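What the coordinates show
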Amino acid sequence: MAKSPEEEHPVKAFGWAARDSSGHLSPFNFSRRETGDEDVRLKVLYCGICHTDLHNIKNEWGFSLFPMVPGHEIAGEVTEVGSKVRKVKVGDKVGVGCMVGACHSCESCANDLENYCPKVIPTYTSINTDGTITYGGYSDHMVANERYIVRFPDSMPLDAAAPLLCAGITVYSPLKYFELAEQGKHVGIVGLGGLGHVAVKFAKAFGAKVTVISTSPSKKTEALEHLGADSFLNSRDPDQLQGAMGTLDGIIDTVSAVHPILPLLGLLKSKGKLVLVGVPDKPLELPVISLIMGRKTVSGSSIGGMKETQEMIDFAAKHNITADIEVISMDYVNTAMERLAKADVRYRFVIDIANTLAATKP
């Protein structure tokens, strides 16, 4: 007979979980494995709420496993290390992002791209190598192989740095890979939410000219004055779009709702690149003629490998890049999810796990 989540492993754990696709989260007792020779155990201090968490708790992509402890923007402090761990020590500030395992033998893994490994193991709602469900960071502690541990410099505030482990690497990686992270490049950022606001910060730090593209004219002042974008386009204004035709080297599209991409392709220069990093729940229409006439590219990008994730954190620390956050208590999480669904957050919710989780124990 299958063991209960509380009995699967020897180390007791406590967090909040969704039991079904209603998405309602509530207190949950479970367990984690013992610290292996190459493992790092950390006390979770903060965990960001990613839009992926909202999709997953409602099973909008169809592969959710319940019960589900979400959370893959995890920041905390090392409490125990295995005998073979050399990367970190007890007391270090560390994080765990979107994955906790991969095959380590395929071409992607060999090239430090564990995120594209066919056998990648996401941090939660996946099956671990021992056959048990992976549980994320809405919990009191976490254990992961040291390969999947990211070190935070002492100068970084953990609450505002936690979202970089998903939102940060999701935009940093395509900026680098598609050669948009360069002085003089003109980059468009579609959507000014959890991903978009961080994308603006990274692109500016790389020396690019940045145009924010949004359906919300009310975000113009925020984009230009607070985040430092160079210009703003209202994507519902045909005149503004017409005036910016053929001006962008590349676009990072962070929107996770269904939206037309034809107007975006028109903004690209010849050989321009539209990179999708948001995940709408329905397919987008692809206007092929617009690609052919300008040798334009539509591509996708998913987080980054562990080497690049550490590089991103170090770059962010050097340039004082963090997420703009609203810190919440654990018992506010269901309200936060409702607000996130309405894009009512500026720009990332972060749960104060260390100071508020224990009080929710039944």
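As the structure is a prediction and not an experimental result, all values here were calculated from the model.

Along the protein chain, the regular secondary structure elements total twelve helices and 17 strands. Taking 21 Å as the expected radius of gyration for a compact globule of 362 residues, we find that the protein chain reaches 20 Å, a close match to that expectation. Referenced to the eigenvectors of the C-alpha coordinate spread, the extents of the protein chain come out at roughly 60 × 40 × 40 Å. Looking at the 362 residues of the protein chain, the share that counts as buried comes to 55%.

One pass over the full model with this rule turns up ten aromatic pairs. Members of the aromatic cluster, joined through ring pairs, are Y172, F202, F206 and F315.

This part is about unusual backbone geometry. Residue P67 is reached from F66 by a cis peptide bond, and omega for that bond is 0°. In this fold, P67 is placed in the loop between α1 (51-57) and β4 (74-81). With an omega of -10°, the peptide bond running from R346 to Y347 counts as cis. Tracing the backbone through its elements, the reader meets Y347 in the loop between α11 (333-341) and β17 (348-352). Phi at H104 is positive, roughly 65°, even though this residue is not glycine. Structurally, the position occupied by H104 is in the loop between β6 (99-101) and α2 (107-110). Judged by its relative accessible area of 38%, H104 falls in the partly exposed class. The phi dihedral of I303 falls on the positive side, at around 35°, and the residue is not glycine.

Considering the arrangement of structural elements, one finds S126 in the loop between β7 (121-122) and β8 (141-145). Given the relative accessible area of 11%, S126 is considered buried. Setting aside its immediate chain neighbours within four residues, S126 contacts L65, I121, T132, I133 and T134.

Residue position: D53 is located in helix α1. It is R348 that comes nearest to the buried, bridge-free D53 among opposite-charge side chains, at 7.3 Å. With residues up to four places along the chain from it excluded, the contact list for D53 reads G48, P70, G71, H72, Y124, Y138 and M337.

Where nonpolar side chains cluster on the molecular surface, the patch consists of L286, V288, I289, I292 and M293 and spans about 540 Å² of accessible area. Considering the arrangement of structural elements, one finds I292 in helix α9 (residues 288-292). You can call I292 exposed: its relative accessible area is 59%.

This brings us to the pairing of strand β11 (residues 209-214). Taken across its six residues, β11 has five buried, putting it largely inside the fold. Note: strand β10 (residues 186-190) against β11, five bridges, orientation parallel. The residue bridging V190 from the neighbouring strand is I213, located in β11. A crossover links β10 with its parallel partner β11, the connecting element being helix α5 (residues 194-205), and its sense is right-handed. Inspection of the sheet shows β11 paired to strand β12 (residues 231-234) by four bridges, in the parallel sense. By the bridge assignment, I213 is partnered in β12 with L233. Viewed along the sheet, the connection from β11 through helix α6 (residues 220-226) into β12 turns out right-handed.

Let us now look at the environment of P280. Looking at the secondary structure, you find P280 in the loop between β14 (268-276) and α9. Considered as a pair, P280 and T254 are 26 residues apart in the sequence and their alpha carbons are 9.9 Å apart. Sequence-distant contacts of P280, that is, excluding residues within four places in its chain, are made with V255, S256, A257 and V258.

Following both chains from N to C, one finds helix α4 (residues 167-177) and α5 inclined at 50°, their axes separated by 8 Å at the closest point. The pairing of α4 with α5 is recorded here as oblique in orientation. Taken as a pair, α4 and α5 cross one another with a handedness that is right-handed. For the pair formed by α4 and α5, the contact residues are A167, G168, T170, V171, Y172 and L175 on the first element and G194, L195, V198, A199, F202 and A203 on the second. In terms of residue class, the contact of α4 with α5 is made up of nine nonpolar, three polar and no charged.

What follows is about the sheet that holds β12. Strand order in this open sheet of six strands is β12-β11-β10-β13-β14-β15, and the pairing throughout is parallel. The open sheet terminates on both sides in strands that have one partner only, identified here as β12 and β15 (297-300). Strand-to-strand twist in this sheet, taken as the mean axis angle between neighbours without regard to direction, amounts to 20°. Across the sheet, α5 lies against β10 and β11, angled at about 165° from β11, the strand it touches most.

Cut-offs and rules
Residues numbered from 1 in each chain as written. Predicted model: local features only at pLDDT ≥ 70, side-chain atom pairs only at ≥ 80, totals over all residues. Heavy atoms only, no water. Helix = DSSP H or I, 4+ residues; strand = E, 2+ residues; numbered from the N terminus. Rg over C-alpha atoms; globule rule 2.2 N^0.38 Å. Buried < 20%, exposed > 50% of the residue type's maximum accessible area, 1.4 Å probe, protein only. Phe/Tyr/Trp six-rings, centres within 6.5 Å; stacked < 30°, edge-to-face > 60°. Contact = heavy atoms within 4.5 Å. Lys, Arg positive; Asp, Glu negative; His and termini not counted. Salt bridge = Lys/Arg side-chain N within 4 Å of Asp/Glu carboxyl O. Patch = residues over 30% accessible without salt bridge, like charges linked within 9 Å, V, L, I, M, F, W, Y side chains within 5 Å. Areas by Shrake-Rupley, 256 points an atom, 1.4 Å probe, with all protein chains shown as cover. Pairing = 2+ DSSP bridges. Right-handed = clockwise from strand over helix to strand, strands pointing away. Axes fitted to C-alpha atoms, helices over the stretch in contact; angles between N-to-C directions. Parallel < 35°, antiparallel > 145°, perpendicular 65-115°, else oblique. Left-handed = near helix turned anticlockwise from the far one by under 90°. Nonpolar A, V, L, I, M, F, W, Y, C, P; charged D, E, K, R; others polar.

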